[in-house]
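Here is what each chain is made of, one letter per residue.
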Amino acid sequence: QVQLVESGGGLVQAGGSLILSCAASPTIFSRNTMGWYRQAPGKRREWVASINVNGNTNYVNSVRGRFTISRDNAKNTVYLQMNSLKPEDTAVYFCNKLMALNGDYWGQGTQVTVSS
């Protein structure tokens, strides 16, 4: 069964922190590089960070140094630690395998709202 369940979002003041979690089904998680994506109102979904099975990570420039992606291969779970949040980080956050297409399965996402 294909499944992606994101959680951990919420309302936080600028400068605050949140930890997002994503529980994935093995069919998506196993042997795949996993990524976090976000979609702000009126904008296209964008890639934020990714991590391969060996723990190597990449980040979009706008979050590098503030966000940290990690994964627990035993739990099929990927995390996103977000620090020093800014209002422009406000978006719905999704996880999926890297290079997932719009037509692929996506979870409901989790809303992150950063107030100024």
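Residues numbered from 1 in each chain as written. Predicted model: local features only at pLDDT ≥ 70, side-chain atom pairs only at ≥ 80, totals over all residues. Heavy atoms only, no water.

**Student:** What is the right way to read unusual backbone geometry from this model?
**Tutor:** Most peptide bonds take the trans form, and the phi angle of most residues other than glycine is negative. Located in the positive-phi region is Arg31, a residue other than glycine, with phi close to 65°. Following the sequence through the fold, Arg31 ends up in the loop between helix 1 (26–29) and strand 4 (34–39). A positive phi angle is found at Met99, which is not glycine, with a value near 70°. With respect to the element layout, Met99 can be found in the loop between strand 9 (91–97) and strand 10 (110–115). (Helix = DSSP H or I, 4+ residues; strand = E, 2+ residues; numbered from the N terminus.)

**Student:** What is the right way to look at the nonpolar core in this model?
**Tutor:** The tendency in soluble globular proteins is for nonpolar side chains to be buried side by side. Trp36, Phe67, Ile69, Val78, Leu80, Met82 and Tyr93 are the most contacted members of the largest nonpolar core, which totals 28 residues. Elements with a minimum of two residues in this core: strand 3 (18–24), helix 1, strand 4, strand 5 (46–51), strand 7 (67–72), strand 8 (77–82), strand 9 and strand 10. Considering each element in turn, this core owes the most residues, 4 residues, to strand 3. (Core = buried A, V, L, I, M, F, W, Y, C linked by side-chain atoms within 4.5 Å. Buried < 20%, exposed > 50% of the residue type's maximum accessible area, 1.4 Å probe, protein only.)

**Student:** Even after reading the chapter, I still don't get the sheet that holds strand 8, so can you show me in this structure?
**Tutor:** Within a beta sheet, neighbouring strands are joined by backbone hydrogen bonds and run either parallel or antiparallel to one another. The strand order 1-3-8-7 describes an open sheet built from 4 strands, whose pairing is antiparallel. For this open sheet the edge positions go to strand 1 (4–7) and strand 7, each flanked by a neighbour on one side alone. Here the average twist between neighbouring strands, direction ignored, is 15°. As defined by bridge partners, strand 1 adjoins strand 3 across 4 bridges and the pair is classed as antiparallel. Bridge pairing in strand 3 links Leu4 to Ala24. (Pairing = 2+ DSSP bridges. Axes fitted to C-alpha atoms, helices over the stretch in contact; angles between N-to-C directions.)

**Student:** What is the right way to read the pairing of strand 7 from this model?
**Tutor:** Of the two faces of strand 7, only the one carrying Phe67, Ile69 and Arg71 is buried; Thr68, Ser70 and Asp72 on the other face are not. With antiparallel pairing between neighbouring strands as the criterion, strand 7 and strand 8 make up a hairpin whose turn holds 4 residues, including Asn76 at a positive phi of roughly 55°.

**Student:** Just to check I follow, could you spell out the state of the cysteines for this structure?
**Tutor:** Counted according to the given criterion, the structure contains 1 disulfide. Here Cys22 pairs with Cys95 through a disulfide, and the sulfurs are 1.6 Å apart. In this pair, Cys22 sits in strand 3 while Cys95 sits in strand 9, placing the two residues 73 residues apart along the sequence. (Disulfide = S-S within 2.5 Å.)

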